[in-house]
Structure formats: C-alpha cells, structure tokens
Amino acid sequence: MGDKITLEIMRYDPEKDDKPRMQTFQVPYVYEMSVLDGLQYTKDHLDQTLTYRYSCKMAICGSCGFMVNGVPKLGCKTFLRDYFPQPVRIEPLANFPIEKDLVSDISDFIKKLEAIKPYLIRENKGSLKDGAYSQTPEQLARYRQYSMCINCGLCYAACPQYGLKNEFVGPAALALMHRYNTDSRDQGRAERIPVMNAEEGVWSCTFVGYCSEVCPKKVDPAAAINQSKVLSSIDYGLHLVGKAEQPKTIDDRHRISERKEG
Amino acid sequence: MKSSHQVKTLQDKQWNRSNEPIWWSLFGAGGVVVALILPAVILITGILIPLGLVDPHFMSYVRMQGFASHWLGGLIVFAVIVLPTWHAAHRIYHLSHDLMLKPHQLYFILCYGLAFVITIAAGTLLLVV
C-alpha cells in the first residue's frame, strides 16, 4: 500500500481557456484500478471540476473513450497496472473537437452513422403474424462481427485519413454499412450505395488498418471497408455498362411499399 | 480542427460516384503481381542467373526474344512490367496525400501519368520485338 501513480490529464474549459493544458494528479495506485477508476478518484478527491464521460464501466456503452498515452482506448477496459510506475497521459479522443476536458464532441460521427442508415430496411413491412425473419448460421456469420460495434469512436480517433479530411464517412459507420448490406434480412443496399461509392465513402480509406487494431470489440472496420471496395468496384463496372443497381431514396421505398400494400 | 457543428445533417448531401475503382483495381492487380510473381523474377534474374546457379542459356537473348514475341509470353511480360507500375503510382499518389503535398492534381498527373507512359512504352516495345 501507499504506491501512487501520476495521471497527466488534459484540461480544457472553453469558457476560460484559450487552449487545452495538461494538469498532473497523484492518485493512490491499486492493482485492479482502471484508467476510469483513476479519473473517478481524481474527481471525487482531488478536483471535482474534472469532466469526462462514462456510463457502464464494462466496455459495452462506448462512452469512456480517451487517448491513453496517445492510443485510443476505453478508460474502463484499460488498467493502470499496464503503465505503473510510469505516468499515464489521458487526453480526449483525437480528431474530434473538445467539448470540455476529456469530453470530445463525436456528433460528426453520429451524423455519418445516420447517413448510412444503420437499420434493417425492408421494401414492405411484414406483418407480426408472419413471425420473425429466420437466418441460417452462415447468414449470421457473414455480418456478426461487424454488429459488435458500440459506437465508441476509437476508430475515428485512430484513423489518419479521418484526421486529414473529416468529410470521410469513417471506419465505424462504413463497417456498420457493410453489416447491414451483408445481412440477409436487409433490402436497403440500393439506398446506401451512393455513400459507399463516393470519394468520402469507402474510397477515402487507404487501408492503414489502425482502426481495427484499436477496436475494443474486435470489429474489423478495415476489412469491412475493403470488402465494400470490392462491391463498389463491381458496381462501378456495372455502371460503365449501364447495369448498375439504381440508387434508391427513402421516397422510392415508400412508393414500393404503398404499391405492394395497395 | 474543423468543427462538426458546421454540418447540420448529411441527409441532403449529394454523394458523387468516385472514379477510384479504376485506380484501385489496377493497384490491386499490381499488388498480386508484386507479391507473387516479382519475387520469383528477382530471384531468377537478380540472383540465380548472375551467380551462375542456373544455366545462363535459359535466359539468353534469343530465348527471351522468342518468349516476348509470342502473344502469351508478351502478355506476361507486359503484365509484370505494367501492373506493378500502376501499383506503385497509386501508392505514391496516396502517400503524397498523406504527406499533405499540394496541389493534388500535380501529383495525380505525375504518378498516373508516369504509369501511363510506361504502359504505352512497354506495349509498343513488346509489339515490335
């Protein structure tokens, strides 16, 4: 007992500070402590103005993403013992604006996520009495790993292309696009295809692969994007000979749905 | 850092089809040649023949000319020269983007232009051998 570990925490209050600054805290070191525990000790005992985001403490909500010694990590899944006795530097996620202290504003990612329509799209709504859509284990295996995404944004903090040009739709959103495109129950690929084919879609990725390395849920966005590149290239070839799938809009879907119901 | 607050929603955004599949397909084909065939070419022409471990006669001028002037041999030589060139051009062009070198168009023309010139040159030379 009695060991202490140094936390170097980035602080930024947009109402007071011109730019972010680093502040150092000494917290008691216990073998079981996560980075998030260290932050909570700091807030409870040393500086209650420290602001950070967290919820579940079990790597499922995706709220506590930070840069830990420059690497995007979940605070609850990263342990101080892996750094002790060296100091640990904690900063907000890279490539996003800072809201306050360790809270980054990931709303740009959320907009990208909305744009790829991350939900099952059916041309016409089934009725409850038809029962659930069944799926074979093979059909499930095709998209399952991509469905593990918890929208934590670590992959955006890792992606150098997103850092250079934030018009890029980015790793998690494109991995989720692939997840729905490869789901046998989904019929919405034609609505997502324009995003996939765009420069800001899969084609801004240069397959650095750091997104897949930092993902706390072992999703492999780099693989998803590069599989989508193959689909997009096939679609490009079909487009050249005038046989490409016609991109659809949400209005088209409603028209089809009404036609079938009516 | 651009603030994401500037973008309200992407719902009305126009997504334009990229021409990248052309360059990426050539890059991919070149990658296969670089990974699978080029090491063998380097081993034979760069190590085994110069060290005399293989009878130099196997790569004599006459035999090589015969190989390159046959349509299939010519096609193989063409692919081995041209595809890795497009592969390299694509990689270097994207490196120029990573290094934030500007203007992009200049590097685009330099990289893919050189690959195009090499393609035409290789094709022409193979047709006359």
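Residues numbered from 1 in each chain as written. Chains lettered and ligands numbered in written order. Predicted model: local features only at pLDDT ≥ 70, side-chain atom pairs only at ≥ 80, totals over all residues. Heavy atoms only, no water.

Draft legend 1. Structural context of the pattern of salt bridges. Residue and element names in this part refer to chain A. Tallying each qualifying case throughout the model produces 14 salt bridges over all chains. We note a salt bridge from arginine 185 to aspartate 183, for which the minimum N-O separation is 2.7 Å. Aspartate 183 gets classed as buried once you look at its relative accessible area, which sits at 2%. A network of salt bridges, in which partner residues are shared, links Arg11, Asp47, Lys100 and Asp101. (Salt bridge = Lys/Arg side-chain N within 4 Å of Asp/Glu carboxyl O. Buried < 20%, exposed > 50% of the residue type's maximum accessible area, 1.4 Å probe, protein only.)

Draft legend 2. Spotlight on the packing of helix α9 (residues 221-240) of chain A against helix α1 (residues 20-48) of chain B. Where α9 of chain A contacts α1 of chain B, the axes come no closer than 9 Å and their chain directions differ by 115°. Handedness of the crossing formed by α9 of chain A with α1 of chain B: left-handed. Touching Asn226, Lys229, Val230, Ser232, Ser233 and Tyr236 of chain A of α9 of chain A are Pro21, Ile22, Trp24 and Ser25 of chain B, all from α1 of chain B. When the residues that make up the contact of α9 of chain A with α1 of chain B are grouped by side-chain class, the tally is 5 nonpolar, 4 polar and 1 charged. (Axes fitted to C-alpha atoms, helices over the stretch in contact; angles between N-to-C directions. Helix = DSSP H or I, 4+ residues; strand = E, 2+ residues; numbered from the N terminus. Left-handed = near helix turned anticlockwise from the far one by under 90°. Contact = heavy atoms within 4.5 Å. Nonpolar A, V, L, I, M, F, W, Y, C, P; charged D, E, K, R; others polar.)

Draft legend 3. Spotlight on the packing of aromatic side chains. Within this structure, the stated rule accounts for 14 aromatic pairs over all chains. A ring pair is formed by phenylalanine 96 of chain A and tyrosine 162 of chain A, whose centres lie 5.8 Å apart and whose planes are at 55°; its orientation type is tilted. With phenylalanine 96 of chain A in the loop between β5 (88-92) and β6 (98-100) and tyrosine 162 of chain A in helix α5 (residues 160-164), this residue pair connects regions lying 66 residues apart in the sequence. Look at tyrosine 162 of chain A and you get buried, because its relative accessible area is 1%. Ring centres 5.0 Å apart and planes at 85° place the aromatic pair tyrosine 156 of chain A and tyrosine 162 of chain A in the edge-to-face group. Following the ring pairs from residue to residue traces out a cluster consisting of Trp23, Trp86, Tyr93, Phe108 and Tyr112 of chain B. (Phe/Tyr/Trp six-rings, centres within 6.5 Å; stacked < 30°, edge-to-face > 60°.)

Function cannot be inferred from these measures alone, as they are strictly geometric.
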